[in-house]
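Examination of the molecular architecture
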Amino acid sequence: MSTMPTENRVTAGRTDRCSEHPGTQSVASCDGCGRALCIACATPVRGLVYGAECLPADVADARTESPAPRPPSDPALRLAGIALGVATLATFLPWTRFGRGSGIFGAWNPTWAGVAAIAFALGALVWVVDRSRPGRIASARIAEALLVLAATGVAASVLALVRPPAFARPWLGHLVALAAGVIALGAAIAARRRAGAPRRPRLG
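Residues numbered from 1 in each chain as written. Predicted model: local features only at pLDDT ≥ 70, side-chain atom pairs only at ≥ 80, totals over all residues. Heavy atoms only, no water.

The nonpolar side chains of a soluble globular protein tend to be buried, and buried together. In this structure, Leu77, Leu84, Trp95, Phe120 and Leu146 are the most contacted members of the largest nonpolar core, which totals 27 residues. Of all the secondary-structure elements, those providing two or more residues to this core are helix H3 (75-90), helix H4 (112-132), helix H5 (139-162) and helix H6 (172-196). Counting residues per element, this core draws most heavily on H3, which supplies seven residues. Within the second largest apolar cluster, 12 residues are counted, among which are Leu37, Cys38, Cys41 and Ala42. (Core = buried A, V, L, I, M, F, W, Y, C linked by side-chain atoms within 4.5 Å. Buried < 20%, exposed > 50% of the residue type's maximum accessible area, 1.4 Å probe, protein only. Helix = DSSP H or I, 4+ residues; strand = E, 2+ residues; numbered from the N terminus.)

Structure follows, in structure tokens:
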């Protein structure tokens, strides 16, 4: 016994109402359970028509499948990224009261301050790129990258503080960048420990 093509059955001029939407005229009947279906409820599948409850398993799975959610961001990792961003912005302020580094872009010169500026900027860039990706890289790897870059920036900032240019004293940008770098380093260490810690099984 042949089945009437879907196109013919859908346009057969039915006068009854959809079982789900009584105010809407039906256009077909479900080949699974026989219920009347309106155009919104009817789903053609390989020459047959089904309602949502009677869809074949493969079709139902395809309709309900949704993209995998992005893994949640660790608060400590987020703090590390923000602190690195603040440290990077601070490199554009004067780093000394007099001489080299006393103007805008104070840290961006061939000294230890320049090393700190590059490390902080790379750390902030790594964090921003990771957050903009559809699927984030494993938190442990990002935490390790931020930890290394923050530690490099802090170490270079300390060396710039200990060995400043001649006749120069640290000023606003240097102190802000150093403080933000220390916060970023602590947060990155905390994020790395969380990412690497084994999960305890739930009891009960």
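Attention shifts here to the packing of aromatic side chains. The full count for this structure, using the stated rule, is two aromatic pairs. Ring centres of Phe92 and Phe105 lie 5.3 Å apart, and the angle between their planes is 80°; on these two criteria the pair is classed as edge-to-face. Remark: Phe105 occurs in the loop between H3 and H4 and Phe92 occurs in the loop between H3 and H4; sequence separation between them is 13 residues. The class for Phe92 is partly exposed, based on a relative accessible area of 31%. Overall, Phe105 belongs to the partly exposed group, its relative accessible area being 44%. Note on Phe92 and Trp108: the rings are 6.0 Å apart at their centroids and 25° apart in plane angle, and the pair reads as stacked. Note that Phe92 is positioned in the loop between H3 and H4 and Trp108 in the loop between H3 and H4, a separation of 16 residues in sequence. (Phe/Tyr/Trp six-rings, centres within 6.5 Å; stacked < 30°, edge-to-face > 60°.)

This part takes up the environment of Trp112. On the secondary structure map, Trp112 appears in helix H4. What makes Trp112 partly exposed here is its relative accessible area of 38%. In this structure the C-alpha to C-alpha distance between Trp112 and Ala160, which are 48 residues apart in sequence, comes to 5.1 Å. Excluding residues within four positions of it along the chain, Trp112 makes contact with Ala156, Leu159 and Ala160. (Contact = heavy atoms within 4.5 Å.)

This part is about the packing of H3 against H6. Closest axis-to-axis distance for the H3/H6 pair is 7 Å, and the angle between their directions is 160°. When the interaxial angle is binned, H3 and H6 end up roughly antiparallel. Considering only the axes of H3 and H6, their crossing is left-handed. On H6, the residues that touch Pro75, Ala76, Leu77, Leu79, Ala80, Ala83, Leu84, Val86, Ala87 and Ala90 of H3 are Gly173, Val176, Ala177, Ala180, Gly181, Ile183, Ala184, Ala187, Ala188, Ala190, Ala191 and Arg194. For the contact of H3 with H6, a count of residues per class yields 19 nonpolar, two polar and one charged. (Axes fitted to C-alpha atoms, helices over the stretch in contact; angles between N-to-C directions. Parallel < 35°, antiparallel > 145°, perpendicular 65-115°, else oblique. Left-handed = near helix turned anticlockwise from the far one by under 90°. Nonpolar A, V, L, I, M, F, W, Y, C, P; charged D, E, K, R; others polar.)

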